[in-house]
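Spelled out, the chains give:
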Amino acid sequence: MGTPSAAAVSAKPPALPKIGVAILGSGSAVPTRVVSNDQIAALCDSSDDWIFQRTGIRNRRICDPADGESNRTLCTDALRRALESASVAPNELDLVICGTITQDMRCPSTACLVASELGCGTAAAWDIGAACCGFVYSLNTAHDLIRSGSFKTVGVIGCDTVSAITDYTNRNVAILFGDAAGAVVLRATDDVSKGVVAQCNHANGNGWQELYMPGWDEHIKDGADRALVRTGCLHMNGREVFKFAVTTFCSLIKETLDKAGLSVEDVDMFVCHQSNIRILEAASERFGIDKEHLYVNIEKYGNTSAGSVPLCFDELRRGGRIKEGQLVMFVAFGAGLTWSSSLWRM
Ligand code: UT7
């Protein structure tokens, strides 16, 4: 190989192929066990009233390992349902991406286990760890890999089973989270109007100590309250995360709309991480988004981390509220700290 010519060096890279990306189907899965605020409050010095007033949550679903429920089974069920709704066979997938931080096993990835269980042949498979942003990060990654021509049909899952890393005597965490999975099937299409119109993906690791799971003792700050901060259990500085979430949520929506040259009124549906009803209300007030356009289901499921956005999307789609040609914005934020959005033309 010789040195490339000056003309070759200065030549523009080839334009991206004109490929659209369609969401062909969606699915979701939640554990069968319903756990009420009263049941949680009995474990951690709280109350149904306090939890509902401060979070909007009444119930959550929690996996019962004795019944064989786990992160892997929820992910598998969600993707199976998404494939069925898309009328796509498992072996037509050439990639499975799973956004999760609560895998049953650290190795191999949940995506590998799900692909094997569903019969996805030798499809590539990997997990993305971005906490509550896990699904939106994965969705953007899958979209861009399809648009670049690297993959054609991709299963994207978002799932967390935070119950597996929750100390139910720690009320900061115990009251908030539930378990759930959601999935979509994406496919390349000649209709170039379909796919992502604008996306934003951000992180700031300086804030990691606000929401994290210490792996071993050295991860715990000197002076931390050892009754609250335990290895293997999620720790959250709720107040700080709340402030981060409210400001980030609003700036993220604005950044995404600015990139797309659109306004709030152009968006048909906001599908947002169900972190806390007060955070969702703050964003809807700031932008004047009415209830018809910002979906909320936190009352039934709590905060399901990476599962919440695809679970909302699946409920909306199955309820006939997502239609071809509409603009739908997915928004998430969480541990890392991470924040991410994806504005789609359906
Ligand atoms: O999904 C990833 C991102 N996560 C989030 O977005 C979560 C963000 N944070 C939150 O949702 C909220 O911070 C929580 C729901 C976790 C807590 O609500 P808060 O309104 O921020 O409560 P706080 O920590 O400011 O505490 C207010 C009061 C305190 O009492 P005093 O000092 O006013 O007497 C707390 O001791 O409420 C008390 N408190 C509780 N009482 C009953 C705090 N937690 C509880 C509880 N039950 N679970």
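Residues numbered from 1 in each chain as written. Predicted model: local features only at pLDDT ≥ 70, side-chain atom pairs only at ≥ 80, totals over all residues. Heavy atoms only, no water.

**Comments concerning the pattern of salt bridges**
Then comes step 1: In the structure shown here, the tally under the stated rule is 13 salt bridges.
Then comes step 2: The residue Arg226 makes a salt bridge to Asp217 at a minimum N-O spacing of 3.1 Å.
Then comes step 3: Owing to a relative accessible area of 43%, Arg226 belongs among the partly exposed residues under this scheme.
Then comes step 4: One network of salt bridges, in which partners are shared, links Asp191, Lys194 and Glu324. (Salt bridge = Lys/Arg side-chain N within 4 Å of Asp/Glu carboxyl O. Buried < 20%, exposed > 50% of the residue type's maximum accessible area, 1.4 Å probe, protein only.)

**Section: the environment of Glu210**
Then comes step 1: With respect to the element layout, Glu210 can be found in the loop between strand E8 (195–203) and strand E9 (211–212).
Then comes step 2: A residue is classified by how much of its surface remains accessible, and Glu210, at 24% relative accessible area, is partly exposed.
Then comes step 3: Residues Glu210 and Val192, 18 residues apart in the sequence, show an inter-C-alpha distance of 41 Å.
Then comes step 4: Excluding residues within four positions of it along the chain, Glu210 makes contact with His235, Met236, Asn237, Glu240 and Val241. (Helix = DSSP H or I, 4+ residues; strand = E, 2+ residues; numbered from the N terminus. Contact = heavy atoms within 4.5 Å.)

**Comments concerning the sheet that holds strand E11 (residues 269–272)**
Then comes step 1: Taken together, four strands build an open sheet; the order of strands is E8-E13-E12-E11 and the sheet is mixed. The sheet is open, and its two edges are formed by E8 and E11, each paired on a single side. Across the sheet, the axes of successive neighbouring strands diverge by a mean angle of 10 degrees, strand direction being ignored.
Then comes step 2: Two elements, E8 and strand E13 (residues 338–345), share eight bridges in a ladder whose sense is antiparallel. Along E13, the bridge assignment pairs Asn201 with Ser340.
Then comes step 3: Docked against the sheet, helix H11 (residues 308–318) engages E11 and strand E12 (327–334), running at close to 140 degrees with respect to E11. (Pairing = 2+ DSSP bridges. Axes fitted to C-alpha atoms, helices over the stretch in contact; angles between N-to-C directions.)

**Concerning the sheet that holds strand E4 (residues 95–99)**
Then comes step 1: Read across the sheet, five strands follow the order E1-E7-E6-E4-E5 without closing on themselves; strand pairing throughout is mixed. On the outer flanks of this sheet lie strand E1 (20–29) and strand E5 (124–128), each paired with one strand and no other. Along the sheet, successive strands turn relative to each other by an average axial angle of 20 degrees, direction set aside.
Then comes step 2: Sheet topology places E4 next to E5; five bridges connect them, and they run parallel. Across the sheet, residue Gly99 finds its bridge partner in E5, namely Ile128.
Then comes step 3: Those strands touched by helix H4 (residues 71–86) are E1, E4, strand E6 (153–161) and strand E7 (179–189), and its axis lies near 130 degrees from that of E1.

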